[in-house]
Amino acid sequence: MRIIGIDPGTGILGFGVVDFVKGRVPQMVDAGVITTPAHTPLSERLLDIFDGLTEIIKDTKPDAMSIEKLFFAQNITTAISVSHARGVAMLVGAQAGLSIHEYTPLQIKQTLTGYGRADKKQVQEMVRIHLNLKTVPKPDDAADALAAAITHNMMTRIK
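Calculation notes
- Residues numbered from 1 in each chain as written.
- Predicted model: local features only at pLDDT ≥ 70, side-chain atom pairs only at ≥ 80, totals over all residues.
- Heavy atoms only, no water.
- Pairing = 2+ DSSP bridges.
- Helix = DSSP H or I, 4+ residues; strand = E, 2+ residues; numbered from the N terminus.
- Axes fitted to C-alpha atoms, helices over the stretch in contact; angles between N-to-C directions.
- Contact = heavy atoms within 4.5 Å.
- Core = buried A, V, L, I, M, F, W, Y, C linked by side-chain atoms within 4.5 Å.
- Buried < 20%, exposed > 50% of the residue type's maximum accessible area, 1.4 Å probe, protein only.
- Salt bridge = Lys/Arg side-chain N within 4 Å of Asp/Glu carboxyl O.

Trainee: Mind showing me how you'd approach the sheet that holds strand β2 (residues 12–19) here?
Mentor: Paired through backbone hydrogen bonds, the strands of a sheet run either parallel or antiparallel to each other. Taken together, five strands build an open sheet; the order of strands is β3-β2-β1-β4-β5 and the sheet is mixed. Two strands in the sheet have a free side with no partner beyond their single neighbour: β3 (27–35) and β5 (99–103). Across the sheet, the mean angle from the axis of one strand to that of its neighbour is 20°, orientation sign disregarded. Sheet topology places β2 next to β3; eight bridges connect them, and they run antiparallel. Bridge pairing links L13 to I34 in β3. Running at roughly 170° to strand β4 (residues 64–68), helix α2 (residues 76–95) makes contact with β1 (2–7), β2, β4 and β5 of the sheet. Helix α3 (residues 105–113) rests against β4 and β5 of the sheet, and its axis sits at about 85° to β5.

Shown next, in the form of structure tokens:
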């Protein structure tokens with residue numbers, strides 16, 4: 001199974017595509033970010049995300065999308081704009097016929113590290129270990145997206 005993980009954001013949206021084959025070490029296919037210019041109208045930023053993610057999905061042909069649910073305790077303005085980006089990502093996945101699966105940051109941390117309050121560095125190190133990489137994937141948003149993909153694979157194996 002090939003899974004694309006998404007770490008949603010309006011300015012920076014992280015993505016990570018991983019192949020999971022039973023009995024083998026998961027293989028990172030691609031990872032990176034889609035960036036949109038600050039101070040650009042939201043509609044233009046969302047179109048950039050739509051176009052970029054559409055191209056990535058077309059090129060990598062994943063079977064499923066795993067996307068991080070939002071958790072914002074304080075900044076509602078940021079939460080709303082990130083929600084727009086998240087909706088665009090889910091729309092692109094649905095248009096491509098992908099099954100879409102959502103996980104909270106707590107679920108991702110707990111699944112990868114066994115500890116729901118793990119910090120970013122701990123999660124990123126577990127991504128490196130799971131994918132048998134020499135270094136932690138950069139930037140952080142790409143590593144977080146890979147963590148979402150790994151989480152979905154692990155949760156699917158549990159069911």
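Trainee: Before we go on, may I ask you to explain the environment of L112 in this structure?
Mentor: Along the chain, L112 turns up in helix α3. In sequence terms L112 and V127 are 15 residues apart; their C-alpha atoms lie 7.6 Å from each other. Excluding residues within four positions of it along the chain, L112 makes contact with V123, M126, V127, H130, A147, I150 and T151.

Trainee: Got a minute to help me understand the nonpolar core in this structure?
Mentor: For soluble globular proteins, the rule of thumb is that nonpolar side chains tend to be buried together. The biggest cluster of nonpolar side chains holds 18 residues, and the ones touching the most others in it are I4, I6, I34, I49, L53, I57 and M65. Elements with a contribution of two residues or more to this core: β1, β2, α1 (42–60), β4 and α2. With five residues, the single largest contributor to this core is α1. Once residues within four sequence positions are removed from consideration, I6 is found in contact with L13, G14, F15, L53, M65, S66, I67, E68, A89, A145 and A148. By size, the runner-up hydrophobic cluster in this structure holds 17 residues, among which are Y103, I108, L131 and A148.

Trainee: What is the right way to read the pattern of salt bridges from this model?
Mentor: Taken as a whole and judged by the stated rule, the model has six salt bridges. Between R2 and D19 there is a salt bridge, with the nearest N and O atoms lying 2.6 Å from each other. Of this pair, R2 sits in strand β1 while D19 sits in strand β2, and the two are 17 residues apart along the sequence. The partner of D140 in a salt bridge is K138, with the nearest N and O atoms 3.7 Å apart. Classification of K138 as exposed rests on a relative accessible area of 59%.

Keep in mind these numbers describe shape, not what the thing actually does.
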